[in-house]
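# Structure at a glance
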Amino acid sequence: MHSLRFKRFPALILALMLFGSIGCSTTKPAATAGQPSGQAAPAPAPAADKPPVKIGLLLTYSKVYAVVGNSITDGMSLYFDQVNWTAGGRKVELVKEDDEVDAQVGARKAKKLIDQDKVDFLAGIVSTPVGMAIRDIVHENQVITFVANAGNNALTRERKSPYLFRTSFTNWQISYPMGEWVYKNVAKKVFISAADYGGGRESAAAFKEAFTKAGGQVLGEVYPPLGTQDFAPFMTEIAKAKPEATWHMYAGTDAVRFVKYYKEVGLQVPLLGAGWLLDTDTFEGQGKAGLGGKTSLNYLDTLDTPENKAFVAAFKKKFNREPDAYALQGYDTARVIVEALNKVQGNTGDKQALIKAIEQVSFTSPRGPFSFDPDTHNVVQNIYIREVKEEGGKLVNVLVATVPNVKDPGK
């Protein structure tokens, strides 16, 4: 569900749930960029007689979620630049398809990439519905697929496949770690609200699970519909409960409207939530309404590490904008592919050897330590508790606490 520019994309209202160029196009190798600190060395130059590795990008490149697909693609392209578009002694090509935020379209495009384009990998998947729609297709065709955004728990739990790897997050993974932290550091009694869709419900359930397990009390829960224009009735219910703090999961314009109204009605208790509630895509629309709010997420662009500083600088140089979490997830996805191909010397024919190589990939990402749980193929990563502050005349998330190496339970 993580950073979009609200000013440029005002129609985006659920970056997580349904969480370029349309049609098939082949991206040619780009010029080599500076290599960030901590990055693996490029593979040897490809042999002339080896065919390129084809990666099918199944992403949203149109409608209101185009920014997510484009950002993931930009992150992948940046990493491939840094290894000269080479992996395992073979050149790398991207074949892009637009899923149009539609499960049926996504399924059709996945089949096209597999049957006609003969891709070696699939990558992308912005939305949960598309992810669920293609699950059986990639499983039955034994096509290794990297989920670079969609956060529904099922894809690496009851619907897991040996051919599916997730490089982004699960909804549980983002929100569960904050439950115990809130109980120990902020409040013992909270009120929960979240947008009424899969991502909102799963995130709220994860926070509640951890918070009550620690000893906390949930005074009430409300789930406004996506795109709610008037939060007054829900805010009234929250105020009546007299909580010590509140926790929320909203994204995009829902997050902007909710946080602004929260400030306007004068609720004087701490504002908490999943990271999309308060992030770079919402700050401009929210103004200073979110100052002091605390959220949890798998990335913040102010992380003070050599890897993150190098990533932010390289991304800004190439694309003339700040990277968001979607770009980071694309960047790491590309790195996983490259490192695995280097391990197997470019052999994509032995699927079991390639799966084993991917399972063993680990590195220090701009987001922190990155590895896979071999049982679920979900990423194991740090989750960060962040606070909104004003620095240098702009709002930023600053690090409050780190919950290290968070592993989804897989069930």
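Residues numbered from 1 in each chain as written. Predicted model: local features only at pLDDT ≥ 70, side-chain atom pairs only at ≥ 80, totals over all residues. Heavy atoms only, no water.

### Brief notes about helix α7 (residues 252-264)
We count it as follows: Runs of H or I in DSSP of at least four residues are treated as helices and runs of E of at least two as strands, each being numbered from the N terminus. One less than the residue count of a helix, multiplied by 1.5 Å, gives the span that helix is expected to have. Throughout this description, buried means an accessible area under 20% of the type-specific maximum (1.4 Å probe, protein chains only), exposed means over 50%, and partly exposed covers the range between. Residues are treated as being in contact if the distance between any of their heavy atoms lies within 4.5 Å.
Spanning 13 residues, α7 covers 19 Å between terminal C-alpha atoms, matching the ideal 18 Å at 1.5 Å per step. Where α7 is concerned, the buried positions are Gly252, Thr253, Asp254, Ala255, Val256, Phe258, Val259 and Tyr262. Where α7 is buried, its residues touch β8 (189-194), α6 (232-241), β10 (245-249), β11 (271-274) and α8 (280-286). Gly266, located one to two residues past α7, shows a positive phi value of around 80°.

### Notes on the side chain of Thr333
Within the fold, Thr333 resides in helix α10 (residues 325-343). Judged by relative accessible area, which is 0%, Thr333 ranks as buried. In contact with Thr333, not counting residues within four places along its chain, are Met76, Ala123, Phe146, Ala148 and Thr167.

### With respect to the packing of aromatic side chains
We describe a pair of aromatic rings using the distance from one ring centre to the other and the angle between the two ring planes. Applied cut-off: Only Phe, Tyr and Trp rings are paired, with Trp represented by its six-membered ring, and only when their centres lie within 6.5 Å; those with planes under 30 degrees apart are stacked, over 60 edge-to-face, the remainder tilted. Sitting over a ring, as applied to charges here, requires NZ of Lys or CZ of Arg to be within 6 Å of the ring centre and within 35 degrees of the ring normal.
Applying the stated criterion across every chain, the model contains 20 aromatic pairs. Consider the rings of Phe165 and Phe372, whose centres lie 5.3 Å apart with planes at 70°: the pair is edge-to-face. Of this pair, Phe165 sits in strand β7 (residues 164-166) while Phe372 sits in strand β14 (residues 368-372), placing them 207 residues apart in sequence. Note on Phe363 and Phe370: the rings are 4.8 Å apart at their centroids and 10° apart in plane angle, and the pair reads as stacked. This pair shows no difference in class: Phe363 is buried, exactly as Phe370 is. By way of ring pairs, the aromatic residues Phe121, Phe146, Phe165, Phe363, Phe370 and Phe372 are connected into one cluster. One Lys or Arg, Lys96, reaches over the ring of Tyr61 and ends 5.3 Å from the middle of that ring. Over the ring of Tyr223 we find Arg201; its NZ or CZ atom is 3.7 Å from the centre of that ring.

### A look at the environment of Gln329
This is how the line gets drawn: The term polar contact refers here to a pair of N or O atoms within 3.5 Å; inside protein, the definition further demands a hydrogen-donor-capable atom paired with an acceptor-capable atom, and it admits residues adjacent in sequence only when both atoms are side-chain atoms.
Structurally, Gln329 can be placed in helix α10. With 38 residues separating them in the primary sequence, Gln329 and Arg367 have C-alpha atoms 9.0 Å apart. Side chain to side chain, Gln329 and Asn149 meet in a polar contact 3.4 Å long. Separated by 3.5 Å, the side chains of Gln329 and Asn298 make a polar contact.

### Description of the environment of Met76
Counting through the fold element by element, Met76 comes out in helix α1 (residues 66-82). In sequence terms Met76 and Asp332 are 256 residues apart; their C-alpha atoms lie 7.4 Å from each other. Beyond its immediate sequence surroundings of up to four residues, Met76 is in contact with Ile55, Leu57, Ala123, Gly330, Tyr331, Thr333, Ala334 and Ile337.

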